[in-house]
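Structural overview for review
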Amino acid sequence: MKWQTRDIVEDHLLYKPFPQNYVIWDLHGEKQALESSQVEDVFQDSGVQPQNPMEMMINDAFEQYRQHDPNVGASQPLNEDEIVNDEPREDHNGFYELLNDGSQTLYEGSKYTKLEFIIKLYHIKVLCGLSDKAMAMILDLLNDAFEKAKFPPSIYEAKKIINKLGLNYKKIDACPKHCMLYLGDDEKSLDACKHCGTSRWKPNKKKKIAAKVLRYFPLKPRLQRLFTCRKTAKDMRWHVLEDNKDGLLRHPRDGEAWKTFDLIHPEFSSDPRNVRLGLATDGFNPARTLSSTYSIWPVFLIPYNLPPWICMNHTSFILSMIIPGKQSPGNNIDVYLKPLVEELRELWSGVDTYDSSLNENFRMRAALIWTISDFPGLGILSGWNIHTGLACPTCNLDAEPCRLRNCNKWCFMGHRRFLSRNHKFRLNRVRFDGSIEERNPPLKLSGSDIFRQVEHINTTFGIGAIQNGTRKRSRQEVTQWNKRSIFFELPYWESNLLRHNLDFMHIEKNVCDNVMYTLLHEKDKSKDNLNARKDLKEMGLRPDLWPDDNGKYHLALFSLTRGTKKLFLKTLKTITVPDGYSSNISRCIDEKLNKISGLKSHDCHIIMEQLLPLAIRNLLPDHVTSVLVEFCSFFRILCGKTLNLPELQLLQDRIVVTLCHLEMLFPPSFFTVMVHLTVHLIEEAKLGGPVHYRYMYPVERELGHLKSFVRNKAQPEGSIAEGYLAEESLTFCSRRSLFNVHFNSNAKIASSSICAP
């Protein structure tokens, strides 16, 4: 290219002007800038004005070192003595280091900068699941082949550069017996737990190394980052921008709980950018082997402001903390949730945030609307005792416990109380438990009612904590509330209509197991066995099913014979479904032994909703088949992407009648608490919207994804934390449209994708 003087260029333009609408000079070397580049940003002490997406991304990554003037709309630099930030000075210096890397070309004539190349290379590493060793070998090869290129010398140096774009986490020492966290003054002054006296440090170590460490990921900067990308910031207002024209439930914003929260807290709902969060947690074993009992409990937060096609995506989950193993925290989980609850209380008051989509500052607030967990996790988070005859948290204390002496378990029957007052089943003695049902359905308890039950409970946390003056709880003493949940410290928690969700996934899994193994009359897993028949005899119900004096009994109407078992299992084994629809269920079926085993949660989901109604046709009496098909239909309808309120009320009436028919067919041992909980799923759907926003499937996928980060099995929590930080940085880059990777439908790659939704 030959350079010309200004006068000659002016003559050329007069002779041959630019075409109309040629506003971006892409033919003359100008790159198409992001829409947000219209806002002029001035970097502190750098004097550099961003001209490409990479520099804009760095500017957004270090948002805390800028202040925004809503009247001007541009970012103003801060003097060094005006910087108020809790982050260490190294992060402040990292801003300049990244700015330098983002402006250096990889080599002379390259279209990539050093930072852009490292980000894209690391993105490929994450997408394809490359090990650190493989990446190190690739970097060695690149450094050897291109001596003048500015490649990082090692994978360690590449990670250091990537992590500068991310947000840090805090290490908080914890008592090995879950008694306390070393926060505030305790962090510097204490060497042992002030409750149990256990040493804070690992024994036989030259240096002081904490025996148990909680890794906490601060929430406020992560929520603020959602508003640094124009598209994501706009998506955070979707629940107000898009009207619900047909009245169907397709998002939590359509549920009664969301709408009631808006009415009770109008100052919160006045700004659609205020964030509503769901908390999800569960334990998992990082060792990938059943012989290990190590249990790690990550805690996730889900922003429900986002639209349905983004809300439950992998990139929308925010890791809040990693509760260390090796034992499950149990009821002591409140000790570890304390930093999060404190931050949520601060977020209820609000934090200044910049909205890049509207180019203005606003006061961002956040609220926790409910929790998501399996049923044991619900007991841990809420404090409700799920191991008694009053295990149902919705029925609360308004239930009659029924203990089966021979089966040695609780049963949960009596669903006739949910019928209308004039229903004929209420008067039927013979087909049910021999009595007339006159009870009304249990009353719905508000958050204030629950708080009145627990407000005087004082709990001492920790393993072996003193209860009533003794180290161990008396065996005769059974309390229904184990603690007052820490979430009641949130000022709005009492007003939430739906606080702890029943998990549709595990309920469906347990119901499917009950049905399948009882139909197949599995010796160890069937709910129809000798002890169940003895309990029927003691209760004086259904004499035709009583065992004789030798312990022999004949099969019930719902049990498959040897011939029908073969047909049933053959049908399940030979059914073919589209690729990716389900796992290979045939691998779980043994036709020689007439058994089925090893079913996963999603296998039960497919069987219960799609395959079971097909497999039992013409194998059982018509009235048994119709009841089971109706039961399967209930799960299929409730699991839909959209729900219709009038149809939900009809579905509630149908499930109550179906449960009553099941009580007429199956023995009391069939009715575990998971079968009973199906009667409450419709009410929760009315409050919270479709179940796929509140069940555990996406959470379980996240746990599996975190498990893939574990490289050092001696320190799994640290491996997960560092892996998450690197991925969080790449997710931030992808939202800035710095790369757009197209990949095929391979399950492994798709499940680990971190591309922007």
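Keep in mind it's a predicted model, so treat the numbers as computed, not measured.

**What about the sheet that holds strand β10 (residues 366-372)?**
- Pairing is mixed in the open sheet, where 6 strands are placed in the order β3-β4-β7-β6-β5-β10. The sheet is open, and its two edges are formed by β3 (170-173) and β10, each paired on a single side. Ignoring strand direction, the axes of neighbouring strands in this sheet form an average angle of 20 degrees.
- The sheet contact formed by β3 and strand β4 (residues 213-216) spans 4 bridges and is antiparallel. The residue of β4 that forms the bridge with aspartate 173 is valine 213.

**Focus: helix α11 (residues 256-264)**
- Within α11 the residues assigned to the buried category are Ala257, Trp258, Thr260 and Phe261. The arc that holds every buried residue of α11, seen down its axis, measures 165 degrees, which confines them to one face.
- Contact partners of the buried residues in α11: α10 (238-241), α12 (266-269), β5 (275-281), α14 (333-349), β10 and α24 (681-688).

**Section: the nonpolar core**
- One finds Leu223, Tyr304, Leu340, Leu368, Phe568, Ile596 and Leu612 to be the most contacted residues of the largest nonpolar core, which totals 164 residues.
- When residues no more than four places from it in sequence are discounted, the contact partners of leucine 612 are Val515, Met516, Leu519, Phe568, Ile607 and Cys632.
- Of all hydrophobic cores here, the second largest spans 22 residues; its members include Phe117, Ile118, Ile119 and Ile162.

**With respect to a nonpolar patch on the surface**
- Together, Val9, Leu13 and Phe18 give the surface a local cluster of nonpolar side chains, amounting to about 210 Å² of exposed area.
- If you trace the backbone, valine 9 turns up in helix α1 (residues 6-15).

**Looking at unusual backbone geometry**
- Omega for the bond connecting glycine 325 with lysine 326 falls within 30 degrees of zero, at 15 degrees, which places this linkage in the cis form.
- Examined against the element boundaries, lysine 326 turns out to sit in the loop between β7 (318-323) and α14.
- Positive phi, normally seen in glycine, also occurs at asparagine 359, with a value near 55 degrees.
- Topologically, asparagine 359 is positioned in the loop between β8 (351-355) and β9 (360-364).
- Judged by its relative accessible area of 26%, asparagine 359 falls in the partly exposed class.
- Unusually for a residue other than glycine, histidine 521 sits at a positive phi of about 55 degrees.

Here is what the cut-offs are and how they apply
- Residues numbered from 1 in each chain as written.
- Predicted model: local features only at pLDDT ≥ 70, side-chain atom pairs only at ≥ 80, totals over all residues.
- Heavy atoms only, no water.
- Pairing = 2+ DSSP bridges.
- Helix = DSSP H or I, 4+ residues; strand = E, 2+ residues; numbered from the N terminus.
- Axes fitted to C-alpha atoms, helices over the stretch in contact; angles between N-to-C directions.
- Buried < 20%, exposed > 50% of the residue type's maximum accessible area, 1.4 Å probe, protein only.
- Arc of directions from axis to C-beta.
- Contact = heavy atoms within 4.5 Å.
- Core = buried A, V, L, I, M, F, W, Y, C linked by side-chain atoms within 4.5 Å.
- Patch = residues over 30% accessible without salt bridge, like charges linked within 9 Å, V, L, I, M, F, W, Y side chains within 5 Å.
- Areas by Shrake-Rupley, 256 points an atom, 1.4 Å probe, with all protein chains shown as cover.
- Salt bridge = Lys/Arg side-chain N within 4 Å of Asp/Glu carboxyl O.

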